[in-house]
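Chain residues, written in single-letter form:
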Amino acid sequence: MKTILLLLISLSMSFSHAKINKISTKSLITERIEKKLSKELSKKDLTLVKKEVIKYKGKSVPALVNVMKNDKFPDKNRWLATFLLGRVMGKKSIPFITKFTEHPNWVLRLASMKSLLALGEKNKSLYKRGLKDPSMLVRYQSLENIKDLGMSELAPSVWSMLYDKRNYYSGKNVKTKRQHIVKKVVKTIGDLKFKKAEKPLIKMILDKKYEDILPEMNYALSKITEKKAPQENKSLIKRFWKKHQIAQMTF
């Protein structure tokens, strides 16, 4: 009886030690990754950290989560942690990464948007909100996500960006000018084949005021109508779409 009791105590202690060792290993991994990501790293070091995180797989998650949440870490490393979390956890990371699309730091909002694209996440309300983000880079990335994921149902929201003053340069004694994102908006409208944009785009392409975005409008109309328009000469492009406009008229 005494022998059996001693055996049970011994087994219990072995299991306890195993559990402690497991927890200890996890803590060491977390500490190791966090330490490396607490300072600015060279490209070579970043590559080594990536390999290490991927090797540890799920054991690296606590460290990655902490790096994302804590502003004591450099922005570049928090950006990396966001992508690596998606890489390690796959689609299971989507709910957590989605929270960072509303983070005060635009770097994390941008990183989360890019990561969600890599994960193939199709969240309509998320990307619709992203089109109005205070950061132009985040708005640009939201457009990229919508285009690459083929989310044609968001085409009206993309079109509305043409009326968003934040997408234009303006100021005292400065003539209002379209920023580069407007070109991206117009091309995305074409990629999404937003039929309702056809008539207004033709009016715009025939108007001198919009000649700075003529190639993008030509691209969009070609995608929407599935017609092969001229590419180089402005006069030929305008003549082509004028003919198309007349052909579409009903008398």
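Look above for the structure.
Now for a look at the structure at hand. Just so it is clear, the model here is predicted, and its values are computed rather than measured. Counting restarts for each chain: residues are numbered from 1 in the order of the written sequence. With pLDDT at 70 or above as the cut-off, local features in this predicted model cover only qualifying residues; side-chain atom pairs require 80 or more to be listed or tallied, and sums for whole chains, interfaces and linings still use all residues. Where side-chain values are given, they derive from all heavy atoms of the structure, hydrogens and water being excluded.

1. Let's talk about the overall build of the chain
For the chain, the helix and strand inventory stands at 13 helices and 2 strands. Classification of the 251 residues of the chain by burial places 43% in the buried group. A contact between two residues is defined here by any heavy atoms of the two lying within 4.5 Å. Restricting the contact set of the chain to residue pairs at least 6 apart, pairs at least 24 apart contribute 60%. All accessible areas in this document rest on Shrake-Rupley with a 1.4 Å probe, and a residue is counted as covered only by the protein chains that are shown. Put simply, the chain shows about 15600 Å² of open surface, and 57% of that area lies on carbon and sulfur atoms. Helix numbering and strand numbering both begin at the N terminus, where a helix is a DSSP run of H or I of at least 4 residues and a strand a DSSP run of E of at least 2. Between buried and exposed lies partly exposed: a residue is buried under 20% and exposed over 50% of the maximum accessible area for its type, with that area taken using a 1.4 Å probe on protein chains only.

2. Regarding unusual backbone geometry
Residues other than glycine seldom take positive phi values, yet lysine 193 does so here, at roughly 55°. Its place among the elements puts lysine 193 in the loop between helix H10 (180–191) and helix H11 (198–205).

3. Side note on the packing of aromatic side chains
When we look at a pair of aromatic rings, we describe it by the centre distance and by the angle of the planes. Side-chain rings of Phe, Tyr and Trp (the six-membered ring for Trp) are treated as a pair once their centres are within 6.5 Å; stacked means planes under 30 degrees apart, edge-to-face means over 60, and tilted covers the remaining angles. Following the criterion strictly, the structure yields 3 aromatic pairs and no others. Lying across the ring of tyrosine 219, lysine 187 places its NZ or CZ 4.6 Å from the centre. Put simply, a charge is over a ring when the Lys NZ or the Arg CZ is close to the ring centre, within 6 Å, and near the line of the ring normal, within 35 degrees.

4. Side note on the packing of H10 against helix H12 (residues 214–225)
Following both chains from N to C, one finds H10 and H12 inclined at 10°, their axes separated by 7 Å at the closest point. Comparing their axes, H12 and H10 come out roughly parallel. In contact with Lys183, Val186, Lys187, Ile189, Gly190 and Asp191 of H10, H12 contributes Glu216, Met217, Tyr219, Ala220, Lys223 and Ile224. Charged residues are taken to be Asp, Glu, Lys and Arg, nonpolar residues to be Ala, Val, Leu, Ile, Met, Phe, Trp, Tyr, Cys and Pro, and polar residues to be all remaining types, Gly included. Across the contact of H10 with H12, the residue classes tally to 6 nonpolar, 1 polar and 5 charged. In this description, a line fitted to the C-alpha atoms serves as the axis of each element, helices being fitted only across the stretch in contact, and the angle between N-to-C directions of two axes falls anywhere from 0 to 180 degrees. When an angle is under 35 degrees it counts as roughly parallel; over 145 it counts as roughly antiparallel; between 65 and 115 it counts as roughly perpendicular; any other value is oblique.

5. Considerations on the packing of H11 against helix H13 (residues 234–248)
Put simply, H11 and H13 touch, their axes get as near as 10 Å, and they point 140° apart. Between H11 and H13, the interaxial angle falls into the category oblique. In terms of crossing hand, the pair formed by H11 and H13 is left-handed. From H11, Glu198, Ile202, Lys203 and Ile205 reach across to H13, where they touch Ile237, Lys238, Trp241, His244, Gln245 and Gln248. A per-class count over the contact of H11 with H13 returns 4 nonpolar, 3 polar and 3 charged. Two helices that cross are described as forming a left-handed crossing if the nearer one is turned anticlockwise from the farther one by less than a right angle, and a right-handed crossing if clockwise.

6. Describing the side chain of arginine 78
Tracing the backbone shows arginine 78 in helix H4 (residues 75–89). Lacking a salt bridge, the buried arginine 78 has aspartate 75 as its closest oppositely charged neighbour, with an N-O distance of 4.1 Å. Engagement of the side chain of arginine 78 in a polar contact is seen with the backbone oxygen of valine 67, the distance being 3.3 Å. Here a polar contact is taken to be a pair of N or O atoms separated by no more than 3.5 Å, where protein atoms must pair a possible hydrogen donor with a possible acceptor and residues adjacent in sequence count only if both atoms sit in side chains. In terms of polar contacts, arginine 78 uses its side chain to reach the backbone carbonyl oxygen of methionine 68, at 2.7 Å. In contact with arginine 78, not counting residues within four places along its chain, are Val67, Met68, Lys69, Asn70, Asp71, Phe73, His103, Asn105 and Leu108. We count Lys and Arg on the positive side and Asp and Glu on the negative side, and we leave His and both chain ends out. A side-chain nitrogen of Lys or Arg and a carboxyl oxygen of Asp or Glu constitute a salt bridge if their distance falls within 4 Å.

7. Describing helix H8 (residues 136–148)
Here, expected helix span is obtained from the residue count minus one, scaled by 1.5 Å. In a regular helix each residue adds 1.5 Å, so 13 residues correspond to 18 Å; H8 covers 18 Å between its end C-alpha atoms and thus fits that length. Every buried residue belonging to H8 is among Val138, Arg139, Gln141, Ser142, Leu143, Asn145 and Ile146, and all of these are buried. Elements in contact with the buried residues of H8: helix H6 (106–118), helix H7 (124–130), helix H9 (155–159) and H10. Looking at where H8 begins, the residue whose side-chain oxygen comes 3.3 Å from the main-chain nitrogen of leucine 137 is serine 135. Looking one or two places after H8, you find glycine 150, whose phi comes out positive at around 60°.

8. Description of the nonpolar core
To qualify as a nonpolar core, a set must consist of buried Ala, Val, Leu, Ile, Met, Phe, Trp, Tyr and Cys residues joined through side-chain atoms within 4.5 Å. Membership of the largest hydrophobic core comes to 64 residues, with the highest contact counts inside it found for Leu37, Tyr127, Ile146, Val158, Trp159, Ile189 and Leu201. In terms of residue count, helix H3 (residues 61–69) provides more of this core than any other element does, 6 residues in total. Ignoring any residue separated from it by four or fewer positions in sequence, one finds leucine 201 in contact with Trp159, Val186, Ile189, Met217, Ala220, Leu221 and Ile224.

9. Side note on the environment of isoleucine 146
Structurally, isoleucine 146 can be placed in helix H8. Note: C-alpha distance between isoleucine 146 and leucine 117 (29 residues apart in sequence) is 8.9 Å. Discounting chain neighbours no more than four positions away, the residues touching isoleucine 146 are Tyr127, Leu131, Met151, Leu154, Val158 and Leu192.

10. Description of the side chain of glutamate 216
Looking at the secondary structure, you find glutamate 216 in helix H12. Lysine 183 is the oppositely charged side chain nearest to the buried, salt-bridge-free glutamate 216, at an N-O distance of 4.5 Å. With sequence-adjacent residues up to four places away left out, glutamate 216 is seen in contact with Lys183, Val186 and Lys187.

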